[in-house]
Amino acid sequence: MAKVYSRMTKISDVAGRSNYIANEKKQEYLIDHEKSRGFDWKTYSHYEKNHQKSANKNNEARELVIALPNDMADLPGEKRREIANELATELLGTERDYEYALHFNSTHTNFHMHLLFSEREIHSEAQIKRYKRDMWYDKETNKMAKANAPGAECRFKKGEPMKDKQGNFRFDSEPFTVKDPKFKSKAWLKDAQSQIQAVLKRHGYHLDLFNPETDIKQRKQYKGASTEYLSYASIWNRNAKKINHDHQQQLAPLVADRDRLAGKLQQFDQERRTYLNKKWLKTPAVKKELTALTEQRDDLVQEQTALITTYSLPLDPKGTHPKQVLAALNELINQLVAQFQAMKTSLIRQIGTIERAMAFKQDRDHPLKQKKPDKSSPEPITGSKNSLNRRLDDLEYKEREIQRDKNKVAHRRNMGGLGR
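None of these values were measured; they are calculated from a predicted model. (Residues numbered from 1 in each chain as written. Predicted model: local features only at pLDDT ≥ 70, side-chain atom pairs only at ≥ 80, totals over all residues. Heavy atoms only, no water.)

### Observations concerning the overall build of the protein
For step 1, the next point in the chain: Regarding its fold elements, the protein presents ten helices and seven strands.
For step 2, the next point in the chain: Looking at the protein as a whole, 34% of its 420 residues qualify as buried.
For step 3, the next point in the chain: Of the contacts made within the protein by residues no fewer than 6 positions apart, 68% connect residues no fewer than 24 positions apart.
For step 4, the next point in the chain: For the protein, the accessible surface area stands at approximately 26,100 Å², while carbon and sulfur atoms represent 50% of it. (Helix = DSSP H or I, 4+ residues; strand = E, 2+ residues; numbered from the N terminus. Buried < 20%, exposed > 50% of the residue type's maximum accessible area, 1.4 Å probe, protein only. Contact = heavy atoms within 4.5 Å. Areas by Shrake-Rupley, 256 points an atom, 1.4 Å probe, with all protein chains shown as cover.)

Below, the structure written as structure tokens:
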């Protein structure tokens, strides 16, 4: 299943960035574009420059890039904009200016959203200054003059907004709040991914969240990065993707089976069934409820029996409580996660840096330089697609076998105690 992806960047030239993401000439496939209000980013830029407190230039805004399901681009425009605005307001609230653009890349394989926003909220009490009367000026001297005087002209009408020399609106008080520090924290970005997942789920798109316990993060292949880094990232990503895929292939059905059994156990009311079964006088309503509970019980027993057989659990289907089956399944899940973490550690040890990846690439390109392996040594790294994974398996094989035997012995002891 696809995962939620988002990336935050600081923006030092918000007006320029706005022009870039919304300009059809600069974007290959601009699908949608919208602003939250009729504001001008130049107002924010001017405000940040006037409130700069150090030699370092203030960030004028931030940008969040969100990966979206590709088939979302096929929705009617009104529905796409509804989802985009819901994402923006869910993440930023309603008192913050934002602008978004929905793009496709040239190969139509990466539909995404650029969400440009201010770290400052708008003061609800701040008002733009307006002229209280017509403002007349002498054409030659540029000094104020009386209305309709010779050589005078009306430059500003009553009610027009006041602007400074740079063309920015003037306010009767501070127009914006202080910057919200939450946007600096990694915790906010993590929460934002959960919010993105929830919004997309409401519209029928189901995405998973990245979990460091069960996923290896891929390396970003930046534009303009060095050849060595790109080669390293390519090697890392290829192997990380393979390990992630194999792990999910084993873990996903196991977790689904456990959750299904847990759901059935939660729905089944054993105490209620026992109570109804002891009743001497069973009315039709009682018989109907008792029949339904008995069917639930039989379904639960059938489910746990099938799981015991499927996963070769050291349990007797007769007389085993579903909680014991859940405990056994949880132990299998923990073993898979532990094996995955061991593979992750080995991957870091093998190609976790550019230098290690380059050494791996050199061995792949020059296999004749490798030592001839003996039968007792693990298989050397070769140039085939899955060679690194086989190498990692060989390095961990003996250790995993020993640990697996220990776990089985401990598991049988624990389960035997529960069975009694």
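That was the structure; now back to the text.
### Here's the deal with the sheet that holds strand 3 (residues 61–67)
For step 1, the next point in the chain: One open sheet accounts for five strands, arranged 1-3-5-4-2; its pairing is antiparallel. Edge positions in the sheet fall to strand 1 (6–11) and strand 2 (29–35), since each has one partner strand and no second. Strand-to-strand twist across the sheet, computed as the mean angle between neighbouring axes with direction ignored, equals 15°.
For step 2, the next point in the chain: Of the strand pairs in this sheet, strand 3 and strand 5 (residues 112–117) are connected by six bridges, and their pairing is antiparallel. Counted as the bridge partner of Glu 63 is Leu 116 from strand 5. (Pairing = 2+ DSSP bridges. Axes fitted to C-alpha atoms, helices over the stretch in contact; angles between N-to-C directions.)

### Re the nonpolar core
For step 1, the next point in the chain: By size, the foremost hydrophobic cluster in this structure holds 29 residues, and its most contacted members are Leu 68, Leu 91, Met 113 and Leu 115.
For step 2, the next point in the chain: Elements represented by at least two residues in this core include exactly strand 3, helix 3 (77–92), strand 4 (98–104), strand 5 and helix 4 (186–202).
For step 3, the next point in the chain: A per-element tally of this core places helix 3 first, with six residues.
For step 4, the next point in the chain: Leaving out residues up to four positions away in the same chain, Leu 91 has contacts with Leu 64, Ile 66, Leu 115, Trp 188, Ala 192, Gln 195 and Ile 196.
For step 5, the next point in the chain: Leu 254, Val 325, Leu 326 and Val 337 belong to the second largest nonpolar core, which has 21 residues in total. (Core = buried A, V, L, I, M, F, W, Y, C linked by side-chain atoms within 4.5 Å.)

### Focus: helix 1 (residues 14–22)
For step 1, the next point in the chain: Restricting attention to buried positions, one finds in helix 1 the residues Val 14, Ser 18 and Ile 21. Within helix 1, the buried residues cover an arc of 75° as seen down the axis, which keeps them to one side.
For step 2, the next point in the chain: For helix 1, the secondary structure elements touched by its buried residues are strand 1, strand 2, helix 2 (41–50), strand 3, strand 4 and strand 5. (Arc of directions from axis to C-beta.)

### Quick word on the confidence of the model for the protein
For step 1, the next point in the chain: Residues of the protein with pLDDT of at least 70 account for 84%, and the chain-wide mean is 83.
For step 2, the next point in the chain: This stretch, residues 367–386, has a pLDDT under 50; its non-local contacts, to residues over four places away or in other chains, come to 23 contacts. (pLDDT = per-residue confidence, 0-100.)

### Notes on unusual backbone geometry
Note: most residues except glycine have negative phi, and most peptide bonds are trans.
For step 1, the next point in the chain: Even without a glycine there, the phi angle at His 108 is positive, about 55°.
For step 2, the next point in the chain: Looking at the secondary structure, you find His 108 in the loop between strand 4 and strand 5.
For step 3, the next point in the chain: You will see that Ser 312, though not glycine, has its phi angle at about 50°, which is positive.
For step 4, the next point in the chain: Position of Ser 312 relative to the elements: it lies in the loop between helix 7 (284–310) and helix 8 (322–351).
For step 5, the next point in the chain: Ser 312 gets classed as exposed once you look at its relative accessible area, which sits at 62%.

### Some words on the packing of helix 5 (residues 227–267) against helix 7
For step 1, the next point in the chain: Contact pair helix 5 / helix 7: the axes reach a minimum separation of 10 Å and the direction vectors enclose 155°. Accordingly, the angle class assigned to the pair helix 5 and helix 7 is roughly antiparallel. With respect to the hand of their crossing, helix 5 and helix 7 are arranged in left-handed fashion. Between helix 5 and helix 7, the contacting residues are Asp 257, Arg 260, Leu 261, Lys 264, Leu 265 and Gln 267 on the first element and Gln 296, Asp 299, Leu 300, Glu 303, Gln 304 and Leu 307 on the second.
For step 2, the next point in the chain: Considered class by class, the residues forming the contact of helix 5 with helix 7 number four nonpolar, three polar and five charged. (Parallel < 35°, antiparallel > 145°, perpendicular 65-115°, else oblique. Left-handed = near helix turned anticlockwise from the far one by under 90°. Nonpolar A, V, L, I, M, F, W, Y, C, P; charged D, E, K, R; others polar.)

### Structural notes on the pattern of salt bridges
For step 1, the next point in the chain: Inspection of every chain in the model, using the stated rule, returns 22 salt bridges.
For step 2, the next point in the chain: With a shortest N-O distance of 2.8 Å, Arg 297 and Asp 298 are connected by a salt bridge.
For step 3, the next point in the chain: Judged by relative accessible area, Arg 297 falls into the partly exposed class, the value being 26%.
For step 4, the next point in the chain: In this structure Asp 298 comes out as partly exposed when scored by relative accessible area, which is 41%.
For step 5, the next point in the chain: Members of the salt-bridge network, linked through shared partners, are Glu 48, Arg 62, Glu 119, Arg 120 and Lys 179. (Salt bridge = Lys/Arg side-chain N within 4 Å of Asp/Glu carboxyl O.)

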